[in-house]
Amino acid sequence: MTRMTGKKALLEMLTAEGVEYIFGNPGTSEGAIMDALEDYPNLKYILATQEGVAMGAADTYARSTGKPAFVNLHIETGLANGISLLHNAAAGGTPLVLTAGNKDMRKLVEGRTPLAEMVKLFTKWSVELTHPEQIPGAVRKAFNEARTPPTGPTFIAFSANSLDEEADMEIVSNCEGYFRLHPDKEAISDAADILLDSKNPIMLVGDRVAQSAGAEEAVKLAEKLGAPVYATYYSEMNFPSKHPMFKGFMKWGFPETKELLKDYDSVLAIGNVFSGYFFFADEGGNTIPEKTKLVHIDIDSSVIGNNEPTDVGIISDPKTGMAELLQALNKKSSGSYQEDSQGRIERIASKIKVERESAVNRSRQSWKSSPMSASRMMHEIANCIPGNTVIVDDSVTTRGAVFENIEFNQPGQIFGERGGAIGWGLGAGIGAKLANPDRPVVAIVGDGSAMMTVQAFYTAAIENIPVVYVICNNQSYRVLKVNMDIYKDLVLGDSQNPSKYLAMDFPKALDMAGLAEAMGVKGVRITDPLKIGPELTKAIKSKKPAVLDISIDGSL
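Residues numbered from 1 in each chain as written. Predicted model: local features only at pLDDT ≥ 70, side-chain atom pairs only at ≥ 80, totals over all residues. Heavy atoms only, no water.

**Observations concerning the overall build of the chain**
The following threshold applies: Helix and strand assignments follow DSSP, with helices taken as H or I runs no shorter than four residues and strands as E runs no shorter than two, numbered in order from the N terminus. The globule rule used for comparison is 2.2 Å times the number of residues to the exponent 0.38, while the radius of gyration itself is calculated over C-alpha atoms. Exposure classes here rest on a 1.4 Å probe applied to the protein chains alone. A residue is buried below 20% of its type maximum, exposed above 50%, and partly exposed in between. Throughout, a residue-residue contact means that at least one pair of heavy atoms, one from each residue, lies within 4.5 Å. Positive charges are assigned to Lys and Arg, negative charges to Asp and Glu, while His and the chain termini are left out of the count. Each charge is placed at NZ for Lys, CZ for Arg, CG for Asp and CD for Glu.
Along the chain, the regular secondary structure elements total 21 helices and 20 strands. Against the globule reference of 24 Å for 556 residues, the chain gives a C-alpha radius of gyration of 25 Å, in line with a compact fold. Expressed along its principal axes, the backbone C-alpha trace of the chain runs to roughly 70 × 60 × 45 Å. With 556 residues in all, the chain has 56% of them scored as buried. Restricting the contact set of the chain to residue pairs at least 6 apart, pairs at least 24 apart contribute 78%. Counting 56 positive and 69 negative side-chain charges, the chain places the averaged centre of each group 5 Å from the other.

**Some thoughts on the sheet that holds strand E20 (residues 546–551)**
Just so we agree on the cut-off: Paired strands, as defined in this entry, are two strands with at least two bridges between them according to DSSP. Angles here are taken between N-to-C directions and fall from 0 to 180 degrees, while the axes themselves are lines fitted to C-alpha atoms, restricted in helices to the stretch in contact.
In spatial order, the strands read E16-E15-E17-E18-E20-E19; together these six strands make up an open sheet with parallel pairing. The sheet terminates laterally at strand E16 (414–416) and strand E19 (522–526), the two strands that pair on one side only. Each strand axis lies, on average, 15° off the axis of its neighbour in the sheet, ignoring direction. Pairing between strand E15 (residues 390–394) and E16: three bridges, direction parallel. Directly across from Val-392, in E16, lies its bridge partner Phe-415. Set on the sheet, helix H21 (residues 532–542) makes contact with strand E17 (441–446), strand E18 (467–473), E19 and E20; between it and E20 the angle comes to about 165°.

**A few points about the sheet that holds strand E9 (residues 201–205)**
Strand pairing in a sheet takes place through backbone hydrogen bonds and is either antiparallel or parallel in direction. Reading across the sheet, the six strands line up as E11-E10-E9-E12-E13-E14 and stay open at both edges, with parallel pairing between neighbours. Either end of the sheet is taken by a strand with one partner, and the two such strands are strand E11 (246–249) and strand E14 (312–315). Across the sheet, the axes of successive neighbouring strands diverge by a mean angle of 15°, strand direction being ignored. Of the pairings in the sheet, the one linking strand E12 (residues 266–270) to strand E13 (residues 293–298) comprises five bridges and is parallel in character. Along E13, the bridge assignment pairs Ser-266 with Lys-293. Sheet strands touched by helix H8 (residues 185–197): E12, E13 and E14. Its angle to E14, the strand with the most contacts, is close to 135°. Sheet strands in contact with helix H10 (residues 215–225) are E9, strand E10 (229–231) and E12, and its direction is about 165° off that of E9.

**Considerations on the packing of helix H3 (residues 51–65) against helix H4 (residues 75–92)**
To be explicit about the condition: We call two directions roughly parallel when the angle between them is under 35 degrees, roughly antiparallel when it is over 145, roughly perpendicular when it lies between 65 and 115, and oblique otherwise. If you view the pair so one helix is near and one far, a crossing is left-handed when the near helix is turned anticlockwise from the far one by less than a right angle, and right-handed when it is turned clockwise.
Relative orientation of the contacting elements H3 and H4 amounts to 30°, with a least axis distance of 8 Å. Between H3 and H4, the angle is such that the two are roughly parallel. Along this stretch, H3 crosses H4, giving a crossing that reads as right-handed. Only Gly-78, Asn-81, Gly-82, Leu-85, Leu-86 and Ala-89 of H4 make contact with H3, whose side of the interface consists of Glu-51, Gly-52, Met-55, Gly-56 and Asp-59.

**Some points on the packing of H10 against helix H12 (residues 318–332)**
Put simply, the rule reads: Any residue that is not Ala, Val, Leu, Ile, Met, Phe, Trp, Tyr, Cys, Pro, Asp, Glu, Lys or Arg is counted as polar, Gly included; the first ten are nonpolar and the last four charged.
At a closest axis distance of 9 Å, the pairing of H10 and H12 adopts a crossing angle of 30°. It follows from the interaxial angle that H10 and H12 lie roughly parallel. The two elements H10 and H12 meet at a crossing, and its hand is left-handed. Where H10 abuts H12, its residues Glu-217, Ala-218, Lys-220, Leu-221, Lys-224 and Leu-225 lie against Lys-319, Met-322, Ala-323, Leu-325, Leu-326, Leu-329 and Asn-330. Considered class by class, the residues forming the contact of H10 with H12 number eight nonpolar, one polar and four charged.

**Section: helix H19 (residues 478–491)**
Heads up, the rule is: Residue count minus one, scaled by 1.5 Å, sets the expected span of a helix. An arc is given here, and it is the one of the directions from the helix axis to the C-beta atoms.
Here H19 spans 19 Å end to end across 14 residues, near enough to the 20 Å set by a 1.5 Å rise per residue. For H19, the complete set of buried residues consists of Arg-478, Lys-481, Ile-486 and Lys-488. Summarising the axial view, the buried residues of H19 lie within an arc of 165°, below the 170-degree limit, and thus occupy one face. Positive backbone phi, at 60°, marks Gly-493, one or two positions downstream of H19.

**Digging into the pairing of E19**
What counts, and what does not: A right-handed crossover is one whose linking path, passing over the helix from the first strand to the second, runs clockwise when the strands point away from the viewer.
Relative to E20, E19 runs parallel, the two sharing five bridges. For Arg-525, the partnering residue across the bridge sits in E20 and is Asp-549. Crossover connection from E19 via H21 to parallel E20: handedness right-handed.

**A short note on the pairing of E9**
Looking along a regular strand, one sees the side chains alternate between the two faces of the sheet. The buried count for E9 comes to five of five residues, which makes it a mostly enclosed element. Every second residue of E9 is oriented toward a common face, with Pro-201, Met-203 and Val-205 on one face and Ile-202 and Leu-204 on the other, all of them buried. Pairing analysis gives five bridges linking E9 to E12, with the strands arranged parallel. Paired with Met-203 across the two strands is Leu-268, which belongs to E12. As paired elements, E9 and E10 share three bridges and run parallel to each other. Across the sheet, residue Leu-204 finds its bridge partner in E10, namely Tyr-230.

This is the structure:
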């Protein structure tokens, strides 16, 4: 054991855990950490001048690298600014370790905020340390909890005295984790029987398919079953978006989803697929019809059977669970089953092809409109980005146009916002680029979301992080208008009286290109779709951060 200060023990543990970047915004309570950091050139501090930028960057860096990111914010004030995007990280299961400094324990009578309690609702584990010798073990546990499925954020608060005082320390990192939890064999057998008896199965996928690297198994299962595939979440590549069996997105809990599911006698759900971010409830009851069988595979036992009656719940790593289910299906199925399955595939694929062509034709009807349509903007972007581009998707109501025009067929091609708090995308672009230094990163961000964390432009500028930001400037919180129409229709039953959309429009367009220029980033305002390709190509080749502020139609 070696005698050292708490602050040195913290940085030694970060080094042992393989941390490369500290995402943060420091304050006086973090002074001890910043002082010690001068002796650790291996730990790069990424300065964010707004806490949401640090959280967004850490979120996507962790998701892209597959290892926990480290964030350091300032006492209760800075920590509070980061909680909205901590909510997103918790909702999506992002493995990150969030920290903050606190007052000295000798200030107890004068008043100290219990920081661990502030974030308890949005973390797997949260703690405040008051003695230096607690630091190595707590840091090790925080990283281990963050990376253990179901993954998620953890939190440590450091009292000032814990960082400055000395103690005998042992710096030991975690061993490599082994997280491929295998399913119960009886559950797999029962699930296979249900699916083989099904005449019309459907598959639902969520983000933990991608997190477990299980997209290939998902494809094999869909093809084996002859089942159409819907994504209830697609903030990572859970299923190839242009696969002939991929139907697109399903809004869980909406009346149209209930109506659609009436056609299917079994549902195979993979991952956390049955929750959503809506400010209203559905009409009551379950979304899955009473006579439809449900098989659900996920690593998180808390989401299996939590709001939909489940016939077979399988607690397993999704990739492993799907692989073993496929083995059981292959073993039990007959040649006639394969013929029936192939027939379903051909019928479904043909129908999906027609639907996709129809969607493209509808988007072409507004091809020459001014301002340009979201589909036209995304068409021009898709035509010029390199094949290895990483897309950061915080496009909000432009998301449909993103998927209409860009194919996502490889892991790591896309990282999208999840959890509902806006302001994620600009910081997320920074994290994605740090995790993928040799690939172009294009962050597609709605103007309302971008305005929440516009300070990310400054971080990109001072660190020369060559993210290309595409701002979908529709001069509104368009998503609120969409949801207001749904609210009036489904909740109030009053769709005949249109909303005035109070506080949802930006009478003066947000000048995102101008804001970028003010912070040292090249900004270009675009109203002509023919200029998108040349400007985007130029920006990618420049190897510098850039902002393309594109005016698009925001009408409903």
